Amino acid sequence: MKTFRIFAALGFAVLLHAAPLASAAEAANVASTAAVAYRTVKVDGVNVFYREAGPKNAPVLLLLHGFPTSSQMFRNLIPQLADRYRLIAPDYPGYGQSDMPPLDKFTYSFDNLANVVDKFTQALGLSRYALYVQDYGAPIGFRVAAAHPERVTAIVVQNGNAYEEGIAHSFWDDPRVYWKDKTEANGNKLRPLFELAGTKWQYTEGARDPARVSPDAWTVDQAYMDRPGNKDIQLEMFYSYGTNPPHYPAWQAYFRKHQPPMLIVWGKNDKIFPPAGAHPYLRDLPKAELHFLNTGHFALEEDSVAIAGYIRPFLAKNVKAAQ
C-alpha cells in the first residue's frame, strides 16, 4: 500500500510537471493577435503602414503581400510564428493602410515598389531577413533579393511566380495583350478583376471549403480598391506586371548562384499561378522544399496552420531563432 502511494505521488508529480510543458508547446502556436503592433514609417515622404510582432532581437521574416490585398493577408500566420521570430508585414503604397499617392505624384510600378520595400527595410534597420513572398510579393521580393543577396537568409514562396511556365495559360492572355498595347479598350478587359466578384473569386476559387474562407478578407480588399482612383492604380500595376518576365532570367541566375534556402508552399488549385509555376524552382534550387496544399490562390485563408507548420522547421534549420 505504501509502495502504491509512493508511485501515485510520483505519477501526480510527473503530471504536474508535464502539463506546463505541453501547454507551453501548444501556446507557442496560438499566440494572441493582441501581440501585433500596427505602425507607420515614412519612405520618401510616403507613409508606409506595417504590422509587427515578435521579439525585437529575433531573426526577421519580412512578409510581402499580393494583389489586391495588403498585410491583412498575414493576420492568421503572424501569431503562429511570433514566439521565435520578428514578423514584419508592410502595405505597399496604394494598398491597405499605406498612403495612396495619385498616379501623377507616384510611380506605380514593380521597380518602384521594390525600391520602397528596400528603403523600408533600411528605415527599420533590417540588415538581414528571410522573405515570405506571394503573388505581387514575389517580383517585389525577388528584385530586392537579387540586388542584395547578402541580406536574405531564406525565402518562403507561396503562389508567387518567377518562371515563364507559371504564366503560360489563359488567365494571362488579356494581360499580355495589354502589355503589348496599352489602350483603354485593352485595359477595360482587365477591370472586372477590380470589382467585388473578381476579388471574391480570387479567394474562393480552388478553396476546398469556401465556407471556411472569411468574407472579411475580400470585403476589406474591395473597400480599399473602391477608393477613388485606386482602380486606375491597380490597372497601372497590371501593366507594370509585364516588366516582370524579362527579369526572370536574372532571378533564376540569383537562385543558382546564391542558393538561398527556399520553402515552396503552393495552393495547387490556383487558377492564376498554378503548380506549373512551382516546379521550375527546383531546377535552380534542387535542395528547395516543395509542398502542395489542397486550396487556392490565397492559401493562408484555409491553411495558415499547415503553412506555419512547414515554416517553423524550415526556419529552425536555416535561420537562428530567438531562444
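Residues numbered from 1 in each chain as written. Predicted model: local features only at pLDDT ≥ 70, side-chain atom pairs only at ≥ 80, totals over all residues. Heavy atoms only, no water.

With respect to the confidence of the model for the chain
Next, step 1: Confidence in the prediction of the chain, expressed as mean pLDDT, is 91, and 89% of residues score 70 or more.
Next, step 2: Confidence over residues 1–30 falls short of pLDDT 50; this stretch has six contacts with residues more than four positions distant or in other chains. (pLDDT = per-residue confidence, 0-100. Contact = heavy atoms within 4.5 Å.)

Some words on helix H7 (residues 196–204)
Next, step 1: Turning to H7, its buried residues are Gly198, Thr199, Gln202 and Tyr203. Within H7, the buried residues cover an arc of 140° as seen down the axis, which keeps them to one side.
Next, step 2: If you follow the buried residues of H7, they end up packed against helix H8 (215–225) and helix H12 (300–318).
Next, step 3: Immediately downstream of H7, the backbone of glycine 206 shows phi near 85°, a positive value. (Buried < 20%, exposed > 50% of the residue type's maximum accessible area, 1.4 Å probe, protein only. Helix = DSSP H or I, 4+ residues; strand = E, 2+ residues; numbered from the N terminus. Arc of directions from axis to C-beta.)

Let's talk about the environment of proline 149
Next, step 1: Mapping proline 149 onto the fold places it in the loop between helix H4 (137–147) and strand S6 (152–157).
Next, step 2: We classify proline 149 as partly exposed; its relative accessible area is 21%.
Next, step 3: As a C-alpha pair, proline 149 and phenylalanine 255 span 106 residues in sequence and 9.6 Å in three-dimensional space.
Next, step 4: Apart from the residues lying within four places of it in its own chain, the contact partners of proline 149 are Tyr254 and His258.

A few points about the pattern of salt bridges
Where charged atoms from two side chains of opposite charge approach closely, those side chains can pair.
Next, step 1: According to the stated counting rule, one finds 19 salt bridges in the structure shown.
Next, step 2: Ionic pairing is found between aspartate 44 and lysine 119, a salt bridge with its closest N-O pair at 2.9 Å. Linking aspartate 44 in the loop between strand S1 (37–43) and strand S2 (46–53) with lysine 119 in helix H3 (residues 110–123), this pair joins segments that are 75 residues apart in sequence.
Next, step 3: A network of salt bridges, in which partner residues are shared, links Arg39, Glu52, Lys56 and Arg86. (Salt bridge = Lys/Arg side-chain N within 4 Å of Asp/Glu carboxyl O.)

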